[in-house]
Amino acid sequence: MIQTQTQQQQQQQEEDEEQNQTQNQNQQQRNMLPKRIILVRHGESQGNLDTSAYTTTPDHKIPLTSQGIAQARRCGSLLNNLVSSGGSSQNYRVYFYVSPYERTRSTLREIGRSFSKNRIIGVREECRIREQDFGNFQVRERMSRIKETRERFGRFYYRFPEGESAADVFDRVSSFLESLWRDIDLNRLQNDPSQELNLIIISHGLASRVFLMKWFKWTVEQFEHLNNPENCDLRVMQLGQGGDYSLAIHHTEEELIEWGLSPEMIADQKWRACANKGEWNEKCPWYLDEFFDNLPDSEDDVRKCEGEFFDAADSAFESS
């Protein structure tokens, strides 16, 4: 009896040690992950103010307006306050990715004024997060007709003449995401695990929307209902306690509704805030119910449904 009790105690101790080891490994992995991935749309550009600018200036050379510069400066202050937890955190670092366009580079330059050099561990220009290509110089009247056609055709699949569709942007942003994860996994960002890493991606409205679409596995139909971010708006994906990222940690439900997220999408964001990384959200409707009608709950139900279907089909065939 004593020996059996001792063996049980040893077994329980081994299980506890294994569990603690797993928890420590998971914690180490979480420590290597960025605390936040923040998407920032550029400040107001000359093209946002007056679309005729695109008729004489290449899209990638469109500059910020004075208002856009002021927006970027305020955005930098907001970002600094966010990643420093209002100044209470002294252990944060930031790493920037930026589209090569003039308006995004200028936005980064103004945002950077809010950070000291020792807080910035790196910056990288990334062509794959550039603006959707609308096709060289843009004639206002022609573009107006083309955009009307896009609304009828669908924003995701419509390809601009001599340009790109949102689906094309999705493909290159997906490639960027794969590279981003390799950088994180291999610690190419040279992040000290004791520091809070924040990735800040300064890009464009569409690129930000398809980034979120790819990350959270949103459908094309859900993408079609998303609203474009305003100039210098933020989309903050924050690491939850279980190692998954969520928009619902930093942002309110009202904000998510304003962006065009459905109640189901918002519920999934709230679930992700507490979920363990890699878990499957069985209550997420577009993973299964979006694609199937009334899936049977068991194998017996499958056989019952098949029997009813084929019996009805046979009866219909015989009556014909």
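Parameters at a glance
- Residues numbered from 1 in each chain as written.
- Predicted model: local features only at pLDDT ≥ 70, side-chain atom pairs only at ≥ 80, totals over all residues.
- Heavy atoms only, no water.
- Phe/Tyr/Trp six-rings, centres within 6.5 Å; stacked < 30°, edge-to-face > 60°.
- Lys NZ or Arg CZ within 6 Å of the ring centre and 35° of its normal.
- Patch = residues over 30% accessible without salt bridge, like charges linked within 9 Å, V, L, I, M, F, W, Y side chains within 5 Å.
- Areas by Shrake-Rupley, 256 points an atom, 1.4 Å probe, with all protein chains shown as cover.
- Salt bridge = Lys/Arg side-chain N within 4 Å of Asp/Glu carboxyl O.
- Buried < 20%, exposed > 50% of the residue type's maximum accessible area, 1.4 Å probe, protein only.
- UniProt positions renumbered as here; feature names shortened; annotations may be inferred.
- Helix = DSSP H or I, 4+ residues; strand = E, 2+ residues; numbered from the N terminus.
- Contact = heavy atoms within 4.5 Å.
- Polar contact = N/O pair within 3.5 Å; in protein donor to acceptor, adjacent residues only side chain to side chain.

For the rest of this paragraph, the subject is the packing of aromatic side chains. Inspection of the entire model under this criterion finds 15 aromatic pairs. One residue, Arg119, lies across the ring of Tyr92, its end atom 4.2 Å from the ring centre.

Glancing now at a nonpolar patch on the surface. A contiguous nonpolar patch, built from Trp280, Leu288, Phe291, Phe292 and Leu295 and spanning about 550 Å² of accessible area, is present on the exposed surface. With a relative accessible area of 42%, Phe292 lands in the partly exposed category.

Moving on: the UniProt feature "binding site: substrate" (unreviewed entry) in the chain. The positions UniProt marks with the feature "binding site: substrate" (unreviewed entry) are Arg41, His42, Gly43, Glu44, Ser45, Gln46, Gly47, Asn48 and Arg103. Mapped onto the fold, Asn48 is located in helix α2 (residues 46-49). Each residue touching Asn48, except ones within four places of it in the same chain, is listed here: Arg41, His42, Gly43, Tyr54 and Asn231. Reaching out from Asn48, the side chain makes a polar contact with the backbone nitrogen of Ser45 at a distance of 3.0 Å. Within the secondary structure, Arg103 sits in helix α4 (residues 102-112). Look at Arg103 and you get buried, because its relative accessible area is 1%. With sequence-adjacent residues up to four places away left out, Arg103 is seen in contact with His42, Ser45, Asp59, Ile62, Leu64, Glu131 and His204. Only 3.4 Å separates the side chain of Arg103 from the side chain of His42, close enough to count as a polar contact.

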